[in-house]
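Here is how the chains run, residue by residue.
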Number of protein chains: 2
Amino acid sequence: LRNVWAHYKNLLGVENQLVSLGEGDTPLVASSHIGASLAFEHLYFKLENLNPTGSFKDRFTALEIAEMIKQRKNICIATSSGNTGSSLAAYAARYGIRCYIFVNYHAPKEKLLQMLAHGAKIYRVRHFGDSAKDTMAVFSELKNYAEQERVPLVVSAFRFSPVGMQGVKTLAYELADQLEQIDHVFIPVGSGGLLTAVWQGFKDCLGSTQLLPKIHAVQPDGCATIIKALLSNSDEIKPAIATTKISGLAVPCNIDGSLALAAIRESGGWGFSVTDEEIWRAQALLCQQEGIYAEPAGATALAGFIKAFQQGFIRKQETAICLITGHGFKDMASIEKMNTGIQVIEREQISEIIRQGLS
Amino acid sequence: LRNVWAHYKNLLGVENQLVSLGEGDTPLVASSHIGASLAFEHLYFKLENLNPTGSFKDRFTALEIAEMIKQRKNICIATSSGNTGSSLAAYAARYGIRCYIFVNYHAPKEKLLQMLAHGAKIYRVRHFGDSAKDTMAVFSELKNYAEQERVPLVVSAFRFSPVGMQGVKTLAYELADQLEQIDHVFIPVGSGGLLTAVWQGFKDCLGSTQLLPKIHAVQPDGCATIIKALLSNSDEIKPAIATTKISGLAVPCNIDGSLALAAIRESGGWGFSVTDEEIWRAQALLCQQEGIYAEPAGATALAGFIKAFQQGFIRKQETAICLITGHGFKDMASIEKMNTGIQVIEREQISEIIRQGLS
């Protein structure tokens, strides 16, 4: 049976024979239209939306749950803007662990229903994910409790859950196996954990070979914490008020931001901020020109790539990868925007419709 | 880059270097709780819901679209209860083909929105999928038109689209590679095309080895066309009025039913009909005990397995596989049934909630 943990055991330096729901080993597909429309030949999409629960977080959760099983824990607490919670709820159900998930106030309904279906207890916390102050307060409250009661706290970031974040490095291992030469990787940034893990993963497998790609962060204008630090040549990730509507990217405080900033600079990459509208446009482009069904956060890397390409950061003969981090089904309100209407017809109208369509 | 078509080129006898969105090569995972609760050790789930558009239909569509590209077609017509249309719309978008999809009147909203997002033109046809008479009339109208105008007609069944159905055989090739010994495969049956393709696929790779599994059909009571033929020891698939609410399994007429019936008998398998309630219960079990997110049709095989096991059709030391054919996200009304409520809380309540949960 395919298993990403067995395959990369030596490279990762971590064993996991306990937990799997088929995470990882996701397809990398070449762009069919968007690259060509920019006269850019080597554009690829990494389909992390095809992980078991619909996002890259499954690579994280598998190791978190394996650790809980080793430590004989049967309960955990977590925070989530949606995808970590969906993933945790599914794996926790599979391995008999109860979970209490405190979610961003504005998490999309589909992600909440997914957690509930898997039997998690969930609580929407007012203001969580909006302001830096409220968000940090929630984290520190949970961290105190977790330490006091010796209950695992699951937050998909190096700062809180470094064991699970090791698992996300497998994403880079796969990319290095799937393509010989990668020049640029575009990554949506919320906490910065994903970007940090991908960079560490590339260093694990390509560190001594001069083949390391440039890692570029993409954030919405309405929560561009890391981009601002890059633009002002600062080491400080300043707290923000998140005004973006892009689920998963509203992280108004510095969680793994400093780690991500260092990773971007070490790789020679850069940061790009885009409007929510540009993200939704990229999402529609993926649907309509590539056949790829992504949630808005999952289309954000593409919005950043388009901006970077237009601004001259990428040369035509280079190779670029956009990470498609989450599934289109995860946020149906954003899909509903593309709804062009459904007509109800009688059987007798079929021939007329086809005749019109073919003409 | 991983490609199921390159991998199985010789076995399948069909080339496809033109079309891929990462379909196939889906995980097979062992049951963690349901098998154990029945004291049945070797129960597995094949996660076809993790295909690019969320169902096994992508194996079919890839070859259909490849054929259109070879024949330089840039338009097609199709019927669908939902998943074929979602798949076709995505692949057609990727390869620049316009599609007109005539869908069952009762197709779930999520499947319709997915088709629209990918730019397909869709029409809900009144009564289509309800009665055998109306359903056959739609098929024959479309078939006449397709032949007359030389436009490809896409229906995921051997009777209409035998080229694409070859692709579905890869599902069996993978299973034969993933497990050494398979005794039973449980398959949800609508038209009967999936079951027929899986059986043909097993014969391609295991035909001379005495290792062929028994293939079992599972249908809802409200459209048990093939089960009725099995129970009455008849070769005739009688037309029905579909009363089931399970999207994808309401096929009231004989499309690939006769082929499926022959396949079941040749394999030594049997048929099991289950109520819609049993299917929804199996869907909830998959969510809550296995961490697997399936639409109702995708949980139907499990409902059938449970019935077969309870009726003594399966021995404890044997190996059984249930095909999880479609994603949980595809039918949110069925997920909403599992909604146990979401509480909005203030940050100050967190500690109290955790204290209660831990005690």
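Scoring rules and cut-offs
- Residues numbered from 1 in each chain as written.
- Chains lettered and ligands numbered in written order.
- Predicted model: local features only at pLDDT ≥ 70, side-chain atom pairs only at ≥ 80, totals over all residues.
- Heavy atoms only, no water.
- Salt bridge = Lys/Arg side-chain N within 4 Å of Asp/Glu carboxyl O.
- Helix = DSSP H or I, 4+ residues; strand = E, 2+ residues; numbered from the N terminus.
- Buried < 20%, exposed > 50% of the residue type's maximum accessible area, 1.4 Å probe, protein only.
- Core = buried A, V, L, I, M, F, W, Y, C linked by side-chain atoms within 4.5 Å.
- Contact = heavy atoms within 4.5 Å.
- Pairing = 2+ DSSP bridges.
- Axes fitted to C-alpha atoms, helices over the stretch in contact; angles between N-to-C directions.
- Least-squares fit on C-alpha atoms with pLDDT ≥ 70 in both.
- 1 Å grid on protein atoms, 1.4 Å probe; cavity = no way out; pocket = protein on both sides within 12 Å on 5 of 7 lines; lining within 4 Å.
- Points joined across faces, edges and corners; volume = space filled by probe spheres on them.
- Nonpolar A, V, L, I, M, F, W, Y, C, P; charged D, E, K, R; others polar.
- Buried area = accessible area lost by both parts, 1.4 Å probe.
- Polar contact = N/O pair within 3.5 Å; in protein donor to acceptor, adjacent residues only side chain to side chain.
- Parallel < 35°, antiparallel > 145°, perpendicular 65-115°, else oblique.
- Left-handed = near helix turned anticlockwise from the far one by under 90°.
- Phe/Tyr/Trp six-rings, centres within 6.5 Å; stacked < 30°, edge-to-face > 60°.
- Lys NZ or Arg CZ within 6 Å of the ring centre and 35° of its normal.
- Right-handed = clockwise from strand over helix to strand, strands pointing away.

**Student:** Which parts of the structure should I look at to understand the pattern of salt bridges?
**Tutor:** Pairs can form between side chains of opposite charge once their charged atoms are near each other. For the coordinates displayed, the defined rule picks out 30 salt bridges over all chains. As a salt-bridge pair, K109 of chain B and E336 of chain A come within 3.3 Å of each other at their nearest N and O atoms. Pair noted here: K109 of chain B is in helix 6 (residues 109-117) and E336 of chain A is in helix 14 (residues 332-336), and the two residues belong to different chains. Exposure remark for K109 of chain B: the relative accessible area of 51% places this residue in the exposed category. Measuring nitrogen to oxygen at the nearest pair gives 3.4 Å for the salt bridge that ties E278 of chain B to K307 of chain B. Of this pair, E278 of chain B sits in helix 12 (residues 276-290) while K307 of chain B sits in helix 13 (residues 296-310), and the two are 29 residues apart along the sequence.

**Student:** Teacher, can you tell me more about the nonpolar core here?
**Tutor:** The tendency in soluble globular proteins is for nonpolar side chains to be buried as a group. Ranked by internal contacts, the top residues of the largest apolar core, which has 218 residues, are F45 and F305 of chain A together with F45 and F305 of chain B. What F305 of chain B contacts, discounting residues up to four positions off in sequence, is L38, F40, L43, F186, I314, A320 and C322 of chain B.

**Student:** How do you make sense of the pairing of strand 10 (residues 319-324) of chain B when you look at a structure like this?
**Tutor:** For a regular strand, the rule is simple: side chains alternate between the two faces of the sheet. Residue and element names in this part refer to chain B. Burial analysis of strand 10 places six of its six residues in the buried class, which makes it a mostly covered element. Burial along strand 10 is two-sided: the residues T319, I321 and L323 and A320, C322 and I324 are all buried. Alignment of strand 2 (residues 42-47) against strand 10, held across six bridges, turns out to be parallel. If you follow L47 over to strand 10, its bridge partner there is I324. Direction of pairing for strand 7 (residues 184-188) relative to strand 10: parallel, over a ladder of three bridges. Within the sheet, the bridge partner assigned to H184 lies in strand 10 and is A320.

**Student:** Looking at this structure, how should I read the sheet that holds strand 6 (residues 153-154) of chain B?
**Tutor:** Across the sheet, five strands lie side by side as 11(A)-5(B)-4(B)-3(B)-6(B); this open sheet has parallel pairing. In this open sheet, the two edge strands, each paired with only one partner strand, are strand 11 (343-345) of chain A together with strand 6 of chain B. For strand 11 of chain A and strand 5 (residues 121-125) of chain B, the ladder comprises three bridges, and the chain directions are parallel. Its bridge partner lying in strand 5 of chain B, I345 of chain A is registered against V125 of chain B. Where helix 15 (residues 350-358) of chain A meets the sheet, it contacts strand 11 of chain A together with strand 3 (75-80), strand 4 (98-103) and strand 5 of chain B, and its direction lies at approximately 170° from that of strand 4 of chain B.

**Student:** Even after reading the chapter, I still don't get the relation of the copies chain B and chain A, so can you show me in this structure?
**Tutor:** There are two copies of the chain, and a rotation about an axis plus a shift along that axis relates them. The two copies are related by a screw operation: chain B maps onto chain A through 180° of rotation and 0.0 Å of translation along the axis, at an RMSD of 0.0 Å. As the rotation angle and translation indicate, the two copies are arranged about a two-fold axis. Looking at the interface residues of chain B, 100% of them are also at the interface in chain A, so both copies use one shared face.

**Student:** Help me out: how do you make sense of the layout of surface pockets in this one?
**Tutor:** One simple way to see leftover space: roll a probe sized like a water molecule over the atoms. In this structure, the largest pocket occupies an estimated 620 Å³ of space. Contributing to the lining of the largest pocket are 34 residues, with H106, A107, P108, K245 and D331 of chain B lying nearest its centre. Sorting the residues of the lining of the largest pocket by element identifies helix 6 (109-117) and helix 14 of chain A together with helix 6 and helix 14 (332-336) of chain B as the ones contributing at least two each. Ranked by residues supplied to the lining of the largest pocket, first place goes to helix 14 of chain B with four residues. Its residues assigned to classes, the lining of the largest pocket comprises 15 nonpolar, nine polar and ten charged.

**Student:** It is not clear to me how the interface of chain B and chain A should be interpreted in this structure. Could you clarify?
**Tutor:** With 80 residues of chain B in contact, the opposing surface of chain A contributes 80 residues. Both faces considered, chain B and chain A share a buried interface measuring about 7300 Å² in area, 65% of it formed by carbon and sulfur atoms. R126 of chain B is the partner of E346 of chain A in a salt bridge, and the nearest nitrogen-oxygen pair spans 2.6 Å. At the junction of chain B and chain A, the tally comes to 23 residue pairs in polar contact (both at pLDDT 80 or more). Grouping the amino acids of the side of chain B that touches chain A by side-chain chemistry returns 44 nonpolar, 19 polar and 17 charged.

**Student:** What should I look at first to understand the packing of helix 4 (residues 57-70) of chain B against helix 5 (residues 83-94) of chain B in this one?
**Tutor:** For any two helices packed against each other, the geometry comes down to the angle between their axes and how far apart the axes lie. Residue and element names in this part refer to chain B. For the pair helix 4 and helix 5, the least separation of the axes is 9 Å and the interaxial angle reads 45°. What the angle tells us is that helix 4 and helix 5 run oblique. Taken as a pair, helix 4 and helix 5 cross one another with a handedness that is right-handed. The segment helix 4 lies against helix 5, with K57, D58, F60, T61, A62, I65 and M68 engaging N83, T84, S87, L88, Y91 and A92. Residues that form the contact of helix 4 with helix 5 fall into these classes: seven nonpolar, four polar and two charged.

**Student:** I'm lost on the packing of aromatic side chains in this one. Help?
**Tutor:** For any pair of aromatic rings, geometry is given as the distance between the ring centres together with the angle between the planes. Applying the stated criterion to the full structure yields 23 aromatic pairs over all chains. Taken together, the ring pairs in this structure connect F40, F186, F272, F305, F309 and F313 of chain A into an aromatic cluster. For the cation-ring pair, R124 of chain A lies above Y105 of chain A, with the distance from its terminal atom to the ring centre recorded as 4.3 Å. Directly above the aromatic system of W280 of chain B lies the positively charged group of K337 of chain B, at a separation of 3.7 Å from the ring centroid.

**Student:** Would you take a moment to explain the pairing of strand 3 (residues 75-80) of chain A for this structure?
**Tutor:** All names here are of chain A. Judged by how many residues are buried, strand 3 sits mostly within the fold: six of six residues are covered. Note that strand 3 and strand 4 (residues 98-103) share six bridges and pair parallel. In the sheet register, S80 faces strand 4, and the bridge partner there is V103. Assessed by its sense of winding, the connection that carries the chain from strand 3 through helix 5 (residues 83-94) to strand 4 is right-handed. In this sheet, strand 6 (residues 153-154) lies alongside strand 3 in parallel orientation, the contact comprising two bridges. Among the inter-strand pairings, A78 is bridged to a residue of strand 6, identified as V154.

Remember, this is a structural readout, not a statement about activity or role.
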